[in-house]
Amino acid sequence: MLEVRYHGHACFELRGEEGSIIFDPFLRDNPQADVGPEEVDVDGILVSHGHSDHIGDAVEISRRTGAVIVAPYELAVYCQEKGAKAHPMYIGGSHQFPFGWVKLVQAHHGSSLGGRYLGVACGFVVRLGGKTVYHPGDTGLFGDMKLIGELYPLDIAFIPIGSTFTMDMDEAVKAVEFLKPEVAIPMHYNTFPVIQADPEEFARRLSDSPTQVVVMKFGESRNF
Ligand code: NI
Ligand code: MN
C-alpha cells in the first residue's frame, strides 16, 4: 500500500512499506503547505530542479534528518556544499534505494538558483509501496511521455496544470492521454496568482478517460 500526502504546489510525500520520500519540499514559503520543514521525517528527498519553489527546504530537512537528496548532478553537488546528504544522478539513470526504486527522466524546464546554473531539470519515476508513480517536475508536454507510460506502466501520475511555468490545461489533458496512468493527480496550481487553474476542470475534461482524476486537497492524505 502507498500513502500519498499532498502538501501543495509540487510537494507530495509518499510512504510505503520500504520507507518514505518527499518530492520538491517547498514548505516554509509555500502558502498552501500544511506542514513546516521541521515536521517532515522521510528517508529520501527527490528534487526535480533548483528553482526555489522546488528545492524549497530540501537542504534543511536533509541536514536535520539525514535524508538523502536525490537530484541531477549539479543540483546534488550544490546541496552537498550546503551540508546536505545527496545522491547525484542523471536522466536515464536508475537506482534501488532502501526506500524505493528511483529513475530520472527528462523534463523541459530550466534549473538555477540565485543565478547559479544547476544542470538540467528532471522528472522522476519511482516504485514504492507496490506502486509506480511519475512526478514530472516542472515541464511542458513532450511526446516521449508516451514512452514513459509504456516503459513504466503507471499507477499514479502527478500532472502540473497551472500554466505560465509548466503545461497548461490543454497540454495537461494530453499528457494524461500519453501517460495512461491509472490515477492522475493535478499539481502546481493556485500557489501564485500567475498559476491559477481549476483542478475540477481538469477532472471534467478527463471524465471519459480510462484514467481516474483524483483532486487532492492541500494537506490531504490518501491510500492507493
Ligand atoms: Ni521551475
Ligand atoms: Mn515550479
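Let us look at the structure shown here.

About the cut-offs
- Residues numbered from 1 in each chain as written.
- Chains lettered and ligands numbered in written order.
- Predicted model: local features only at pLDDT ≥ 70, side-chain atom pairs only at ≥ 80, totals over all residues.
- Heavy atoms only, no water.
- Buried < 20%, exposed > 50% of the residue type's maximum accessible area, 1.4 Å probe, protein only.
- Helix = DSSP H or I, 4+ residues; strand = E, 2+ residues; numbered from the N terminus.
- Arc of directions from axis to C-beta.
- Contact = heavy atoms within 4.5 Å.
- Pairing = 2+ DSSP bridges.
- Axes fitted to C-alpha atoms, helices over the stretch in contact; angles between N-to-C directions.
- Donors = N, O, S within 2.8 Å, 3.2 Å for Na, K, Ca; no water.
- Tetrahedral: all angles 85-135°; square planar, octahedral: opposite > 155°, others 65-115°.
- Polar contact = N/O pair within 3.5 Å; in protein donor to acceptor, adjacent residues only side chain to side chain.

On to helix α3 (residues 73-81), then. Restricting attention to buried positions, one finds in α3 the residues Leu-75, Ala-76, Tyr-78 and Cys-79. One side of α3 holds all its buried residues, which, seen down the axis, span an arc of 155 degrees. As for α3, its buried residues are in contact with α1 (52-55), α2 (58-65), β5 (68-72), β6 (85-89), β9 (112-113) and β10 (116-117). One or two residues past the end of α3 sits Gly-83, with phi positive at roughly 95 degrees.

Pairing is mixed across the open sheet formed by 7 strands, whose spatial order is β6-β5-β4-β3-β2-β1-β16. Two strands close off the open sheet at either side, each with one partner strand: β6 and β16 (221-223). Neighbouring strand axes in the sheet, compared pairwise and without regard to direction, differ in orientation by 20 degrees on average. Sheet topology note: the strand β1 (residues 3-6)/β16 ladder contains 3 bridges and is antiparallel. For Val-4, the partnering residue across the bridge sits in β16 and is Arg-222.

Moving on, we come to the coordination of the manganese ion (ligand 2). Taken together, the protein ligands of the manganese ion (ligand 2) are Asp-53 (OD), His-54 (NE2), Asp-138 (OD) and His-188 (NE2), with distances of 2.1 to 2.3 Å. Each donor residue of the manganese ion (ligand 2) lies on one chain, and together they are spaced D-H-x83-D-x49-H. Here the manganese ion (ligand 2) and the nickel ion (ligand 1) are spaced 3.4 Å apart, and both take Asp-138 as a donor. Placement of His-54 in helix α1 and of His-188 in the loop between β14 (183-187) and α6 (199-205) is noted, with a sequence separation of 134 residues between them. Across the pair, His-188 and His-54 agree in class, each one buried.

All of the protein donors around the nickel ion (ligand 1) are His-49 (NE2), His-51 (ND1), His-109 (NE2) and Asp-138 (OD); their distances to the metal are 2.2 to 2.3 Å. Every donor counted, the 4 donor atoms about the nickel ion (ligand 1) form angles of 88 to 176 degrees at the centre, which fits irregular coordination. Spacing between the donor residues of the nickel ion (ligand 1) along the chain follows H-x1-H-x57-H-x28-D. In this structure His-49 comes out as buried when scored by relative accessible area, which is 0%. Judged by relative accessible area, Asp-138 falls into the buried class, the value being 2%.

Attention shifts here to the side chain of His-135. If you trace the backbone, His-135 turns up in strand β12 (residues 131-135). Separated by 2.9 Å, the side chain of His-135 and the backbone oxygen of Ala-10 make a polar contact. With residues near it in sequence (within four places) discarded, His-135 still touches Ala-10, Phe-12, Phe-23, Asp-24, Gly-123, Phe-124, Phe-158 and Met-187.

Okay, the sheet that holds strand β8 (residues 100-106) next. The strand order across the open sheet built from 7 strands is β7-β8-β11-β12-β13-β14-β15, with neighbouring strands paired in mixed fashion. The open sheet is flanked by β7 (94-97) and β15 (212-213), the only strands paired with a single partner. By the bridge criterion, 4 bridges tie β7 to β8 in an arrangement that is antiparallel. Within β8, the residue paired with Ser-94 across the bridge is Lys-103.

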